[in-house]
Amino acid sequence: MWSHQREAFSTYKRVPSRDRSTIVGDVEENSALLQNSMDMETTNPSWLLSFPHVVVATITSLLFGYHLGVVNEPLESISIDLGFSGNTLAEGLVVSTCLGGAFIGSLFSGWIADGIGRRRAFQLCALPMIIGAATSATTKTLAGMLIGRFLVGTGMGLGPPVASLYVAEVSPASLRGTYGSFIQIATCLGLMGALFIGFPVKEIAGWWRVCFWVSTIPAGLLAFAMIFCAESPHWLYKKGRGAEAEAEFERLLGGSHVKYAMLELSKLDRGDEADTVRLTELLFGRHFKVVYIGSTLFALQQLSGINAVFYFSSSVFKSAGVPSDVANALIGVANLSGSIIAMLLMDKLGRKLLLLWSFFGMTMALVLQVAAANTFMSGTGSLYLSVGGMLMFVLTFALGAGPVPGLLLPEIFPNRIRAKAMAFCMSVHWVINFFVGLLFLRLLELLGPQLLYTIFASFCMMAVVFVKRNVMETKGKSLQEIEIALLPPE
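These numbers come from a predicted model, not from an experiment.

Parameters and conventions
- Residues numbered from 1 in each chain as written.
- Predicted model: local features only at pLDDT ≥ 70, side-chain atom pairs only at ≥ 80, totals over all residues.
- Heavy atoms only, no water.
- Helix = DSSP H or I, 4+ residues; strand = E, 2+ residues; numbered from the N terminus.
- Buried < 20%, exposed > 50% of the residue type's maximum accessible area, 1.4 Å probe, protein only.
- Contact = heavy atoms within 4.5 Å.
- Areas by Shrake-Rupley, 256 points an atom, 1.4 Å probe, with all protein chains shown as cover.
- Salt bridge = Lys/Arg side-chain N within 4 Å of Asp/Glu carboxyl O.
- Patch = residues over 30% accessible without salt bridge, like charges linked within 9 Å, V, L, I, M, F, W, Y side chains within 5 Å.
- Expected span 1.5 Å × (residues − 1).
- Core = buried A, V, L, I, M, F, W, Y, C linked by side-chain atoms within 4.5 Å.
- Phe/Tyr/Trp six-rings, centres within 6.5 Å; stacked < 30°, edge-to-face > 60°.
- Axes fitted to C-alpha atoms, helices over the stretch in contact; angles between N-to-C directions.
- Parallel < 35°, antiparallel > 145°, perpendicular 65-115°, else oblique.
- Left-handed = near helix turned anticlockwise from the far one by under 90°.
- Nonpolar A, V, L, I, M, F, W, Y, C, P; charged D, E, K, R; others polar.
- pLDDT = per-residue confidence, 0-100.
- Arc of directions from axis to C-beta.

**Some details on the overall build of the protein**
Reasoning step 1: Within the protein, the regular secondary structure consists of 23 helices and zero strands.
Reasoning step 2: Evaluated residue by residue, the protein yields a buried proportion of 55% over its 490 residues.
Reasoning step 3: Taking as baseline every contact in the protein between residues at least 6 positions apart, the subset at least 24 positions apart corresponds to 83%.
Reasoning step 4: Summing over all exposed atoms, the protein offers an accessible surface of approximately 20,400 Å²; the carbon and sulfur share of this is 67%.

**Focus on the pattern of salt bridges**
Reasoning step 1: Taken as a whole, this structure holds 10 salt bridges when the rule is applied.
Reasoning step 2: One salt bridge in this structure joins D114 and K238, with 3.0 Å as the shortest N-O distance. Residue D114 is found in helix α6 (residues 88–116), and its partner K238 is found in helix α12 (residues 233–238); the two are separated by 124 residues along the sequence.
Reasoning step 3: For K238, a relative accessible area of 8% gives the class buried.
Reasoning step 4: Across the salt bridge formed by E169 and R118, the nearest N and O atoms sit 2.9 Å from each other. Placement of E169 in helix α8 (residues 142–170) and of R118 in helix α7 (residues 118–138) is noted, with a sequence separation of 51 residues between them.
Reasoning step 5: A residue is classified by how much of its surface remains accessible, and R118, at 0% relative accessible area, is buried.

**A short note on a nonpolar patch on the surface**
Reasoning step 1: Together, V431, F434, F435, L438, L439, L443, L446, L447, L451 and I455 make up an exposed nonpolar region whose accessible area comes to about 830 Å².
Reasoning step 2: Counting through the fold element by element, L438 comes out in helix α22 (residues 418–470).

**Let's talk about α8**
Reasoning step 1: Over its 29 residues, α8 extends 42 Å from the first C-alpha to the last, a length consistent with the 42 Å expected when each residue adds 1.5 Å.
Reasoning step 2: Here α8 lies mainly inside the structure; 24 of its 29 residues are buried.

**With respect to the nonpolar core**
Reasoning step 1: If you look at the biggest cluster of nonpolar residues, it comprises 107 residues, and the most contacted ones within it are L297 and F413.
Reasoning step 2: Looking at this core element by element, the count peaks at 17 residues for α22.
Reasoning step 3: Formed by 17 residues, the second largest nonpolar core is a distinct cluster that contains V71, M145, V201 and C211.

**Some thoughts on the packing of aromatic side chains**
Reasoning step 1: In this structure the tally under the stated criterion is 12 aromatic pairs.
Reasoning step 2: Between F122 and Y166, the ring centres sit 5.4 Å apart and the planes meet at 90 degrees, which makes this aromatic pair edge-to-face. Of the two residues, F122 is situated in helix α7 and Y166 in helix α8; the sequence distance between them amounts to 44 residues. There is no split in this pair, since F122 and Y166 are both buried.
Reasoning step 3: Following the ring pairs from residue to residue traces out a cluster consisting of W47, F51, Y179 and F182.

**Re the side chain of E248**
Reasoning step 1: Secondary-structure assignment places E248 in helix α13 (residues 242–253).
Reasoning step 2: Not counting residues up to four positions away in its chain, the partners in contact with E248 are A230, E231, P233 and L236.

**Brief notes about the packing of α7 against α8**
Reasoning step 1: Two elements in contact, α7 and α8, have axes whose closest approach is 7 Å; the angle formed by their N-to-C orientations is 155 degrees. It follows that α7 is roughly antiparallel to α8 by the angle criterion. Crossing angle aside, the handedness with which α7 passes α8 is left-handed.
Reasoning step 2: In terms of residue class, the contact of α7 with α8 is built from 17 nonpolar, eight polar and three charged.

**Focus on the confidence of the model for the protein**
Reasoning step 1: Confidence in the prediction of the protein, expressed as mean pLDDT, is 82, and 84% of residues score 70 or more.
Reasoning step 2: The least confident element of the protein is helix α1 (residues 2–14), whose mean pLDDT is 40; the most confident is helix α11 (residues 216–225), at 96.
Reasoning step 3: For residues 1–41, every residue scores under 50 in pLDDT, and the model assigns this stretch 36 contacts once sequence neighbours within four places are set aside.

**Some thoughts on α13**
Reasoning step 1: Helix length check: α13 (12 residues) gives 16 Å between terminal C-alpha atoms against 16 Å at 1.5 Å per residue, within 8%.
Reasoning step 2: When we look at burial in α13, the residues that qualify are A245, E248, F249, L252 and L253. Viewed end-on, α13 has its buried residues packed into an arc of 110 degrees, placing them on one side of the element.
Reasoning step 3: Of the residues one or two after α13, G254 is the one with positive phi, at around 100 degrees.

**Describing the packing of helix α3 (residues 47–57) against α8**
Reasoning step 1: Here α3 crosses α8 at 175 degrees, and the two axes come no closer than 10 Å. Considered as vectors, α3 and α8 are oriented roughly antiparallel to each other. Contacts between α3 and α8 involve S50, H53, V54 and A57 on the former and, on the latter, A163, Y166, V167 and V170.
Reasoning step 2: Of the residues belonging to the contact of α3 with α8, the class tally is six nonpolar, two polar and no charged.

**Notes on the side chain of S61**
Reasoning step 1: In this fold, S61 is placed in helix α4 (residues 59–69).
Reasoning step 2: On the basis of relative accessible area, S61 is assigned to the buried category, the value being 1%.
Reasoning step 3: When near neighbours in sequence (up to four residues on either side) are disregarded, S61 contacts I183, A186 and T187.

**Examining the environment of M462**
Reasoning step 1: On the secondary structure map, M462 appears in helix α22.
Reasoning step 2: The sequence separation of M462 and L300 amounts to 162 residues, and the corresponding C-alpha distance is 8.1 Å.

**Here we look at the environment of V258**
Reasoning step 1: As for its placement among the helices and strands, V258 is situated in helix α14 (residues 258–269).
Reasoning step 2: A residue is classified by how much of its surface remains accessible, and V258, at 5% relative accessible area, is buried.
Reasoning step 3: On a C-alpha basis, the gap between V258 and E246 in space is 6.4 Å, while along the polypeptide they are 12 residues apart.

Right under this line is the structure:
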């Protein structure tokens, strides 16, 4: 009971003086309500209530993965049909134009999600994906392809941050880790779907157009299904629509959990809806610590070299005599397997432990890659180490470093800044992703694989130290409990 009184006092300190007299009365009333709710909270809400809403939200991640991989197999056919065969710059633009669009989409995702709500933000992100995919599928010029890829990229940048927000806000605390892992699994399924749908591209003329058309189906389904999904109660409450928030909690958690959920929500969010969040507040204000943790986690995720390893994987497997389609399938299976294991362990072992062992495992995998690049290794031994190290790297990445940051960040950000802080951190992610992709082959040429993989391994070990010192465990805690633990008083 004393802990609840301390929480009430903390809440009292955080709000403007004009609201304190109201809160004093509310604290007395809510203390009794909280005590009566404790017995009810020993049983967790049914997963069946929130599950359909989470599945619909993760269609954005499926589309994200699909569009990341959709041009890999058909790129040669696209270049021949559109008349830029042999032009490596044009081929690079077809692949990377998406990244530019994704940066723009992620940059504005927080303001869009806060302005029109999570559901409409999902529907909005589906629109450029449909128009962009249709443009790419029907174009007869390189310019049309680039416009289509850029439009798709804006949807790719907007969708994943909103999905992370939405899943964190509609999930029961006991299932938030498991549901958060759905995002990574959906991304893996999208990548593998793009691979399998692209298989006939060399046998059937113009099949690459079908590959783009296929993506309009899940995008249309996302826009339609969101009509029937719950809006985030956190967003509704922040907008002063408490009655609607209560109704959505009933849809997501069940009637017996509504009062406790609303009480938890009211602890820190009272009066926030009128405030405007400025970028300077994220970078220099009292929220700096959590924004620093979030952006650094995403930066270290990309500096670990995961995308560079993906880019280089085909040549490694090719040197081992493994066909490119088999190699891509092996990478996809390793990625999916790790994501499924992470889903099963996320709410048992916790986020921090998975992050620590994931980055440590990636370090060990890169050590194998460094050993494989050593000139003293025999040819066969080097190939085995290289292929084994690459698969181990992807597997250990998918166990923690892949899914956890996107789940952890919406948990540690206060409700007031959650959407905009996610937008900022995702923008950091896309900028570093772009430069790693741009410079990887050049650095490989200048430094050689041994030194380059050593640099990536160093970043992974830095991530282990950073996580150990700065990341708190959020398993099983409500979003409000996490906010109280992390946010310093005003």
